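Descriptive structure summary
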Amino acid sequence: DDEEEEEKGAEEKEEENDDGEAMVEDDDSDGEVTVALQPRKRKPGDAAAVLNVSAGFQWGNIDDDMLLPDDSAEDSDNDDDGEQDEGADAASKKRSKRAKRAAAAEEEKRIQANEQLLAAQTPQTPADFDRLLLANRNNSYLWIQYMAYFLQLAEIDKARAIARRALKEMSFREERERANVWVAMLNLENSYGTPDSLKKTFSEATAANDALDMHFHLVGVHEQKDQLEAADNVFKMMCKKFKDQPRVWLSYCRFKMKHDKPDQARQILQRSLKSLVKQDHVDTIAKFAILEYKLGDAERGRTIFEGIVTNYPKRVDLWNVYLDQEMRVGDVPAIRALCERTITLSLSSKKMKHFFKRYLEFEKMHGDEDTIRHVTDKAKEFVQRKGL
């Protein structure tokens, strides 16, 4: 029963989101999904930590919310005609969100299973690892633990040999598990190898896996070690090889913002607009505005959003994200003024209902009886004007 209630609550939340038809989304993780595969805990300073593969890597399409449907940037003069399409889009988004929740739950189960496996049969010798791997040859977690075992003994070549053996024995269908081993190899070479050995391993990794994903991995490997110049050089290479990918430019901007170089991030944004196709410009600029709010200058982010919603007044997703950022800042008068603007937009009844709902929820939390009455009165006026 508890599970059913939880699922019902999640679906109700999704339905609320669907009212706004959000295309651009603000993800607090900045679009990053880490692979939670860590060697089992050892003493501080343990060499096993080197093989951490949670370096901000993201599987598949790294930033789905950065790429909008082709027609999302267009101002439709007939919003009501699109109500049926809105329902189809909402259903599609619900399925997508359910799939993401299911994938996250499955990942959590997998991690717990790995931990339980080692807790029940903690390997202490190569023979122990070999015995476990006989029944779990596609388990990258075990292979990485095996590599860590030899790193603890300063047997670097043997750790490398285990990684190669893993790639040889693991099924080619297990792309995700194999990629984990490649990331562990990159970490190993970065910590114990030479620039040449790292370069060679990276070249092999890009040939055997998605090249762009592996570039993101390498950035994470360098960032873990505070090798910011090396990470920057990888980004520069990515901006040449994958210049048509918004996520590359935005990740580079985020990297600069995180390391207190906002002016360079703004220059990168301008460069990106010369390389990206025009249909990606609005989304890219909006995502950069979010970065300004989170890591840079909120006033600059506000200025960017003002320009965007002025040019695309019917883009509900952009208004929603703009509101999200202002609510994060917490300036009540500014939020109230923005909410007031949203309820005067020329949009379909369904979309306007969404904004009235957001405004009312905000006033219930931060306003008083007078401000709440103001919103409800405005909503009644809208209903009467539309004859609903």
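Source: prediction; values computed, not measured.

Okay, unusual backbone geometry next. For alanine 154, which is not glycine, the phi torsion reads 60° and is therefore positive. Here aspartate 260, not a glycine, exhibits a phi torsion of approximately 60°, which is positive. Within the secondary structure, aspartate 260 is located in the loop between helix H10 (246-258) and helix H11 (262-275).

We now examine the state of the cysteines. The tally for this structure, following the rule as stated, stands at zero disulfides. Left without a disulfide partner, cysteine 253 is nearest to the cysteine sulfur of cysteine 239, which lies 8.2 Å away. Given a relative accessible area of 1%, cysteine 253 falls into the buried group.

Bringing the packing of aromatic side chains into the picture now. All chains considered together, the criterion is met by ten aromatic pairs. Between phenylalanine 129 and tyrosine 146, the ring centres sit 4.6 Å apart and the planes meet at 10°, which makes this aromatic pair stacked. Here phenylalanine 129 is found in helix H3 (residues 126-135), whereas its partner tyrosine 146 is found in helix H4 (residues 140-152), with 17 residues between them in sequence. Exposure remark for tyrosine 146: the relative accessible area of 3% places this residue in the buried category. When the centroid spacing of 6.3 Å and the interplanar angle of 45° are considered together, the rings of tyrosine 293 and phenylalanine 305 count as tilted. Here tyrosine 293, found in helix H12 (residues 281-295), pairs with phenylalanine 305, found in helix H13 (residues 298-311); they are twelve residues apart in sequence, far enough to count as distant. With relative accessibility at 0%, the residue phenylalanine 305 sits in the buried group. Counting every residue linked through ring pairs, the aromatic cluster contains Phe129, Tyr146, Tyr149 and Phe150. Sitting over the ring of phenylalanine 172, arginine 178 keeps its end group 4.4 Å from the ring centre.

So, on to the pattern of salt bridges. Under the counting rule described, the total for this entry stands at 18 salt bridges. Note that aspartate 128 and arginine 131 form a salt bridge whose closest N and O atoms lie 2.9 Å from each other. Of this pair, aspartate 128 and arginine 131 both sit in helix H3, separated by three residues, roughly a single helical turn. Close ionic contact of arginine 266 with aspartate 263 constitutes a salt bridge, the shortest N to O distance being 2.9 Å. Note that arginine 266 and aspartate 263 are positioned in helix H11 at a spacing of three residues, about one turn of the helix. Shared partners join several salt bridges into a network, and the residues in it are Asp130, Arg165 and Glu169.

Quick look at H11 now. Over its 14 residues, H11 runs 20 Å from end to end, which matches the ideal 20 Å to within 8%, given 1.5 Å per residue. Looking only at H11, the buried set comprises Ala265, Arg266, Ile268, Leu269 and Ser272. Across the axial projection of H11, the buried residues extend over an arc of 155°, all falling on one side. Residues of H11 that are exposed and point more than 90 degrees away from the buried face comprise Gln267 and Lys274. If you follow the buried residues of H11, they end up packed against H10, H12 and H13.

The rules we used
- Residues numbered from 1 in each chain as written.
- Predicted model: local features only at pLDDT ≥ 70, side-chain atom pairs only at ≥ 80, totals over all residues.
- Heavy atoms only, no water.
- Helix = DSSP H or I, 4+ residues; strand = E, 2+ residues; numbered from the N terminus.
- Disulfide = S-S within 2.5 Å.
- Buried < 20%, exposed > 50% of the residue type's maximum accessible area, 1.4 Å probe, protein only.
- Phe/Tyr/Trp six-rings, centres within 6.5 Å; stacked < 30°, edge-to-face > 60°.
- Lys NZ or Arg CZ within 6 Å of the ring centre and 35° of its normal.
- Salt bridge = Lys/Arg side-chain N within 4 Å of Asp/Glu carboxyl O.
- Expected span 1.5 Å × (residues − 1).
- Arc of directions from axis to C-beta.
- Contact = heavy atoms within 4.5 Å.

By themselves, these figures tell us nothing about what the structure is for.
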